[in-house]
Amino acid sequence: MALNYIWIGFFVVAFVVALAKLVFTGDTTVFPAMQKSLIDMAEKGFETSIGLTGMLAFWLGMMKIAERAGLVNSLARMLSPMFTRLFPDIPKGHPATGSIFMNISANMLGLDNAATPTGLKAMQQMQELNEKKDTATNPMIMFLVLNTSGLTIIPVTVLSIRAQMNAAQPTDVFIPILLATTVATLAGIIITSIYQHINLFNRTLILSIGGMCLFMAAVMTVFMTLNTDTVGVVSDSVTSILIMLIVVGFILKGMKSKINVYDAFIEGAKEGFTTAVRIIPYLVAFLVAIGIFTASGTMEWLLDGVKYLVSVLGLDTQFVDALPTAVMKPLTGSGARGMMVETMNAYGPDSFAGRLSCIFQGSTDTTFYILAVYFGSVSIRYTRHAVTCGLLADLAGVIAAIAIAYIFF
C-alpha cells in the first residue's frame, strides 16, 4: 500500500505544481516537458533494467556455485557465534538461521533482488515460532533492521550502472559504500539491541562489533592520508582484486567440492535473467513518476529550500543535489535507483553529487519496501519498533555517506 500511495503522490503533486505554474506564472512549457520526460524515462527504465541482466545473471550464477560448494554453510558457521546472540529467541539449529545467513550473504554481495527469496523464507520460518501471528517478534525486527542497513561488500548494481554511464572509475565508490554501510549496520544493531534488551557487552558481540569498528577506522585512516587521485587508484585496485579473488575463490571451492561448476553457474544465471526482467515494471514505473515529478519543478523547489537552509547555517551545499536518492532510499529501492540514475544524468557520474548518490544507494536498503514485503508475506500488522530502528539506521548511513564523500571526493 505504501508504494501505491508514494507512486500516486508523485503524479498528483507534480500535476498540482505544474498547474500552479501554468496558472500563476504563465509557464506553458511545463506540461510538454512532463510529457517528454514520461516518454524518455520509460525508455530509460527499460534500458537500465536490460543493462543489468548480465551482471545479475553472473553474480547469481556465482552464488549458486557458492551454495552448492558449501560456502554458504561455512559462512553460517563462521557468523554463528555472533548471530545466535543477536537472535536469542530462535532455537539453536532452527532452519530460520540458515535462511537468515543466506539472505545476509546475498545482501553482502550487493545482490538485493537475489536476497529477497531467502528473506521471505526466513520470515515464514520465524513466523512458525511466533505466538502472536499478527505482531512482529524480536528476531523479525532484528532481521528487518539488518536488511535495511544493507551491509554490502560488493555493490553490484551500483557499480554496473556507473559502468553503463561511462564513469571514469566505476568502482571508485566501492570503499566509501563499504564504510557507510558499515556505519548503518552498526547503528542498526546497537539501536535494535537497546530496544530488545540484548546485552551488547557480551564478549562475542564486543569482539565482532569492535572488529567492524576497527576495520572501518583503519580504512578511513589510511585513505585520509592520501590525495584524491591516489584514493581513486587505490580504491579501484582494491575493488578489482577483491572481486577477482571472490570469483576465482568460488570456482576453486566448487572444483574442490567436486560439483559441476558450469551447470551450477548456468542454473543461477537463469535466475539472474528472471530477476532482471522482473524489476523492469518497477523501475519503469518509478523512473516515469520521478521524471514527471522532476520535470514539474517540484524537486527543484524542494532542493532550493534545503540549499537555502544549509547555506544559512554556513555549510557547503554540494551534497544537497544528491539528497533525492537518500530521501527515496527508505521508501523504495527502484525509486532510489531512479534518483541515482537521474542525478548522474544531470551532474555526471564522476561529479560529487553523482558519486554521493551512488554512496547513498549502496549504504542502506529500503526500510518501507522491506517492511511491506517481508511483514506482508506473513500477515504482520503490528511492527512494534521495526520502523523506528530501521529509519534511525538509515539516518546514520546517510550522515556517514555525506561525511565520507567529502573525505574521499
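Residues numbered from 1 in each chain as written. Predicted model: local features only at pLDDT ≥ 70, side-chain atom pairs only at ≥ 80, totals over all residues. Heavy atoms only, no water.

Enquirer: I'd like a rundown of the pattern of salt bridges, residues and numbers included.
Expert: This model, assessed by the stated rule, comprises five salt bridges. With its nearest N and O atoms 3.9 Å apart, the salt bridge here joins K21 to D27. Taking relative accessible area as the criterion, K21 reaches 15% and is therefore assigned buried. What makes D27 partly exposed here is its relative accessible area of 21%. Across the salt bridge formed by E267 and R68, the nearest N and O atoms sit 2.1 Å from each other. You can see E267 sitting in helix α12 (residues 261–278) and its partner R68 sitting in helix α3 (residues 53–68), a full 199 residues away along the chain. With a relative accessible area of 41%, R68 lands in the partly exposed category. Three or more residues are tied together by salt bridges with common partners; here these are K64, R68 and E267. (Salt bridge = Lys/Arg side-chain N within 4 Å of Asp/Glu carboxyl O. Buried < 20%, exposed > 50% of the residue type's maximum accessible area, 1.4 Å probe, protein only. Helix = DSSP H or I, 4+ residues; strand = E, 2+ residues; numbered from the N terminus.)

Enquirer: Go over the packing of helix α7 (residues 138–149) against helix α9 (residues 174–195) with me, naming the residues and quoting the values.
Expert: Packing of α7 against α9 brings their axes to within 8 Å, and their N-to-C directions diverge by 160°. For the element pair α7 / α9, the angle class is roughly antiparallel. Every pair of crossing elements has a handedness; the one defined by α7 and α9 is right-handed. Facing α7, whose interface residues are I141, M142, V145, L146 and S149, α9 presents T181, A184, T185, G188, I189, T192 and S193. Here the residues of the contact of α7 with α9 are counted per class, giving six nonpolar, six polar and no charged. (Axes fitted to C-alpha atoms, helices over the stretch in contact; angles between N-to-C directions. Parallel < 35°, antiparallel > 145°, perpendicular 65-115°, else oblique. Left-handed = near helix turned anticlockwise from the far one by under 90°. Contact = heavy atoms within 4.5 Å. Nonpolar A, V, L, I, M, F, W, Y, C, P; charged D, E, K, R; others polar.)

Enquirer: Please give an account of the packing of α9 against helix α19 (residues 386–408) that cites residues and values.
Expert: A pair of packed helices can be characterised by two numbers: the angle between their axes and the separation between those axes. It is at 8 Å that the axes of α9 and α19 come closest, and there the two elements cross at 150°. With respect to α19, the element α9 is oriented roughly antiparallel. Where α9 crosses over α19, the handedness of that crossing is right-handed. Contacts between α9 and α19 involve I175, P176, L179, A180, V183, A184, A187, G188, I191, T192 and Y195 from the first element and T388, C389, L392, A393, A396, G397, A400, A401, I404 and F408 from the second. Its residues assigned to classes, the contact of α9 with α19 comprises 17 nonpolar, four polar and no charged.

Enquirer: Any details on the nonpolar core? Residues and values, ideally.
Expert: Of all hydrophobic cores here, the largest spans 52 residues; its most connected members are F10, V173, F319, L356, I359 and F360. Once residues lying within four places of it in the same chain are set aside, the contact partners of F360 are A322, L323, T325, A326, K329, V398, A401 and I402. The next biggest cluster of nonpolar side chains, apart from the first, holds 39 residues, and it includes L86, L144, L205 and C389. (Core = buried A, V, L, I, M, F, W, Y, C linked by side-chain atoms within 4.5 Å.)

Enquirer: I'd like a description of α7, backed by residues and values.
Expert: The terminal C-alpha atoms of α7, which comprises 12 residues, lie 16 Å apart, in line with the 16 Å expected from a rise of 1.5 Å per residue. Most of α7 is tucked away, with 11 of its 12 residues classed as buried. Among the residues making up α7, those that are buried are P139, M140, I141, M142, F143, L144, V145, L146, N147, T148 and S149. One or two positions beyond α7, positive phi appears at G150, with a value near 60°. (Expected span 1.5 Å × (residues − 1).)

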